Every structure is written in structure tokens, then in C-alpha cells.
Amino acid sequence: MPPVELRTDVAIGVAIPSRNARGRIARLTGVVDSILASHHYPAAVEKLLAEALTLTALLGSLLKEPQGQLTLQAQTEGGAIDLMVCDYLGGELRGYVRHDADKVAELPNEPTLQELFGKGYLAITFDQPVADERYQGIVPLEGRNLGEAAQSYFSQSEQIPSLVRLAAQQRGEHWFAGGLLLQHLPEGEEGRERLHTRLDHPDWPHVAILGGSVKADELTDPALALDDLVWRLFHEEDEVRTLPAIALRRGCRCDPDYVRSVIARFPPEEREAMVGDDGVIRVDCAFCSSSFAIEPTELGS
Ligand SMILES: [Zn+2]
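Computed from a predicted structure; not experimentally measured.

A. Focus on the coordination of the zinc ion. Within the protein, the zinc ion binds to Cys 252 (SG), Cys 254 (SG), Cys 285 (SG) and Cys 288 (SG); these donor distances fall in the range 2.2 to 2.3 Å. Considering all four donor atoms around the zinc ion, angles at the metal cover 103 to 116° and the coordination shape is tetrahedral. Here the donor residues of the zinc ion share one chain and are spaced in sequence as C-x1-C-x30-C-x2-C. Residue Cys 254 is located in the loop between strand 12 (249-250) and helix 9 (256-264), and its partner Cys 288 is located in the loop between strand 13 (281-284) and strand 14 (291-294); the two are separated by 34 residues in the primary sequence. Since its relative accessible area comes to 12%, Cys 288 is described here as buried.

Take a look at the structure:
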């Protein structure tokens, strides 16, 4: 078997056992390009969604269950962005942004979270159906960027000291996004079930400084393999492990049969009102911009 290329559209686990630190590193190129291709957003919104998808990949790849789903949702009042939703299931990513085009056009070059979202909130939901575990944390969208907002999610909502770095750059026609998540888990936990924490543990500032030194260019450079980047950052540690790679893909779970079954549950007069001038009911998927045309006769009476 050829070795797995750890350069693009992949997430890998990172562990530094002697420092009780672990996390994920991810890079997305084709996945981001193909998701953005179905939306036609302005550049500022594309960059935001590229970073959000990277964060979604970092968090989603923490799930223990292959059937687990991670959803990231940013909701706002009075911002240029109104709603942003991304999710992850088994390495598949999707996402969309609802925005005010006029307000986005007025944004500065490197907009802050405040400028993008106004007064916003970030909700992160971990859903593991087999273990029947569902956990949602919500924090204000604060900080200079999405990475900082995610860091406050972990410190406020889960009391886990964390470092999150996200970067996205457009080079020519293509987007290159990358991210690093590191967490201090002194009890050796993998998940969020922890009873206590020590924010002042001396190992953590050390790891946070090394991890925090990663540059946007390194996170996004498709020529730099992720395991080489991990080595570059942490080669002075006693031991650095990388965990098996998770391939990332674009995927949507919209399903014409499901859409049909939902619409069939509406009373006939409401269904009647949904029929357009062309005689069919059109339903659009916000995630992938697919449009389904449903014949009213398919739905029975
Ligand atoms: Zn879809």
C-alpha cells in the first residue's frame, strides 16, 4: 500500500505524552474548493467558511464514533454574517453562510469577528449516537478570529486549556486552509468528560508557546506534510506521536426521498401553496445548493 499523503484534505492526531498534550492538525484544499464552488460567496465570506470548515474538521476528528456528528453553528444579530453552519460526519464536511451582501461589501480587508458577526454566538454540538451522548456548548463569538472564539469555547464551556490556530489563503483559483488544535489533558482523557482541571500546570504554557509559533503559511502550504510540520514544531520534546490519518471529503446528506417524505406530511392545502409557477415544489439544500423538484402528484393526497 502506498503511504498516505499527509498534505491535503486530511486530519491527523497529535500527542505529546510527556506534556499531557494532544490534539489534531488538518489541511483542506480540494474539499474547501468544492464546497465553495457551489455557493459563489464574496472573498471575505469564503475565507471565513474555509476557516470554519477547518475548525469543523479539527473538532469532528476528535469524535470517537464513526457515526458521530459535529456541528458548528454561528448565529448573530446585526452582523454582516447572519448564520453560518458547518458539520462533520465520518470525514465528510459541508457548510454554508447566510450573509448580507451589502454589509459584506463594506467590510475591511481583515475583518474582526465583531465586524463579521456583530453580537454573535458560537454553538458547538458533539453528537455520538451509539453512546447516546449529545453535548452542546455555546459561547459569545469573541476574539480577533474564529480560532480565538474556539479557544474560549474550550476554556469556558469545557474547562480544557486549548490552543486553536486557523488559517486560510487563496492562491490563484484555489483555497488552502489549515488548522492546529492542541489541548492539555493531564488525566489522559481523549474526550470532554473531565471532573477537574489544572489551568496552571507548567507543561501547558510550554506546549502552547511551541504550538502557537506555527505560521499561517505553514498551516496552508500544501507542500509541507502535516507530520513534518508537527516535527518542526515539537522536535525537542521527548516523544511526539502522530495518530492515524482521517481523510476529509466534501459530503452532503440531503436526500430527495427524505425531502419528499417531509413535504408529504404537510396538509394538502399547504402543499398546494408550495407549488411554483412551473407546477412543481422546489426545495433547495442550503449546504450544497442542490435544488430538488418534487411533483405534487408524487406525494399522494
Ligand atoms: Zn445538500
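B. Fine view of the packing of aromatic side chains. On inspection of all chains with the given rule, the structure shows two aromatic pairs. With a centroid separation of 5.0 Å and 85° between ring planes, the pair formed by Tyr 96 and Phe 287 is classed as edge-to-face. Separated by 191 residues along the polypeptide, Tyr 96 in strand 5 (residues 92-99) and Phe 287 in the loop between strand 13 and strand 14 bring together distant segments of the chain. Tyr 96 gets classed as buried once you look at its relative accessible area, which sits at 14%. On the basis of relative accessibility, which here comes to 15%, the residue Phe 287 falls in the buried class. Over the ring of Phe 287 we find Arg 94, and its NZ or CZ is 3.8 Å from the ring centre.

C. Focus on the pairing of strand 9 (residues 174-184). Counting buried positions over the 11 residues of strand 9 gives 10, a clear majority of the element. Bridging between strand 2 (residues 21-28) and strand 9 involves eight bridges; their strand directions are antiparallel. Each bridged residue has a counterpart across the sheet, and for Arg 24 the counterpart in strand 9 is Leu 181. One ladder, built from 10 bridges, connects strand 8 (residues 162-171) with strand 9; its direction is antiparallel.

Rules behind the numbers
Residues numbered from 1 in each chain as written. Predicted model: local features only at pLDDT ≥ 70, side-chain atom pairs only at ≥ 80, totals over all residues. Heavy atoms only, no water. Donors = N, O, S within 2.8 Å, 3.2 Å for Na, K, Ca; no water. Tetrahedral: all angles 85-135°; square planar, octahedral: opposite > 155°, others 65-115°. Helix = DSSP H or I, 4+ residues; strand = E, 2+ residues; numbered from the N terminus. Buried < 20%, exposed > 50% of the residue type's maximum accessible area, 1.4 Å probe, protein only. Phe/Tyr/Trp six-rings, centres within 6.5 Å; stacked < 30°, edge-to-face > 60°. Lys NZ or Arg CZ within 6 Å of the ring centre and 35° of its normal. Pairing = 2+ DSSP bridges.

Keep in mind these numbers describe shape, not what the thing actually does.
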